[in-house]
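Now for the letters of each chain:
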Amino acid sequence: MVRQAVRDVRTAPPPPPAGPPADPAVAALRAVAADLYASAHAIGELMLEVAPAYLSDIEAADVLALLCEEIGEPLKHGLAARRYAMSGDRRALHGTVL
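First things first, this report covers the structure right here in the doc. Keep in mind it's a predicted model, so treat the numbers as computed, not measured.

1. Here we look at the pattern of salt bridges
For step 1, the next point in the chain: Using the criterion set out here, one finds three salt bridges in the structure.
For step 2, the next point in the chain: In this structure, the salt-bridge partner of D57 is R82, at a minimum N-O distance of 3.3 Å. You can see D57 sitting in helix α3 (residues 57-71) and its partner R82 sitting in helix α4 (residues 75-87), a full 25 residues away along the chain.
For step 3, the next point in the chain: The partner of D57 in a salt bridge is R83, and the shortest N-O contact between them spans 2.5 Å. With D57 in helix α3 and R83 in helix α4, this pair connects stretches of sequence that are 26 residues apart.
For step 4, the next point in the chain: Overall, D57 belongs to the partly exposed group, its relative accessible area being 29%.

Pasting the structure below:
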């Protein structure tokens, strides 16, 4: 059971569709989502400059609380962006940005 849970967590998300969507509204929404992911990655890189990857989330939270307050980002979102910048896995942002 644990092995299956770990496998489910480590399974890569499905790749984006290969071709452009026929509907222009869908294409516009995908572009907006791509912009959100890019900005979350940039915020995550900033968080990594302040709290390097070797720190746990608990240790990073102590360091990042002031930065998140200064930039107007909730700490939960800052930590999620940091995890996204480390892993590149969009699922790290689940429940925060998208």
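2. Looking at the packing of α3 against α4
For step 1, the next point in the chain: Where α3 meets α4, the axes come as close as 9 Å, and the angle between the chain directions of the two elements is 120°. When the axis of α3 is compared with that of α4, the two are oblique. In terms of crossing hand, the pair formed by α3 and α4 is right-handed. Each of D57, A60, A61, L64, A65 and C68 in α3 lies in contact with α4, whose residues at this interface are L75, G78, L79, R82 and R83.
For step 2, the next point in the chain: Considering only residue class, the contact of α3 with α4 consists of seven nonpolar, one polar and three charged.

3. Some details on the nonpolar core
For step 1, the next point in the chain: Core analysis: the largest hydrophobic core is formed by nine residues, namely M47, A51, L55, A60, A61, L64, L67, C68 and L79.
For step 2, the next point in the chain: The biggest single contributor to this core is α3, with five residues.
For step 3, the next point in the chain: Ignoring any residue separated from it by four or fewer positions in sequence, one finds A51 in contact with A60, V63, L64 and R82.
For step 4, the next point in the chain: Grouped together as the second largest cluster of nonpolar side chains are six residues, Y37, A80, Y84 and L93 included.

The rules behind each value
- Residues numbered from 1 in each chain as written.
- Predicted model: local features only at pLDDT ≥ 70, side-chain atom pairs only at ≥ 80, totals over all residues.
- Heavy atoms only, no water.
- Salt bridge = Lys/Arg side-chain N within 4 Å of Asp/Glu carboxyl O.
- Helix = DSSP H or I, 4+ residues; strand = E, 2+ residues; numbered from the N terminus.
- Buried < 20%, exposed > 50% of the residue type's maximum accessible area, 1.4 Å probe, protein only.
- Axes fitted to C-alpha atoms, helices over the stretch in contact; angles between N-to-C directions.
- Parallel < 35°, antiparallel > 145°, perpendicular 65-115°, else oblique.
- Left-handed = near helix turned anticlockwise from the far one by under 90°.
- Contact = heavy atoms within 4.5 Å.
- Nonpolar A, V, L, I, M, F, W, Y, C, P; charged D, E, K, R; others polar.
- Core = buried A, V, L, I, M, F, W, Y, C linked by side-chain atoms within 4.5 Å.

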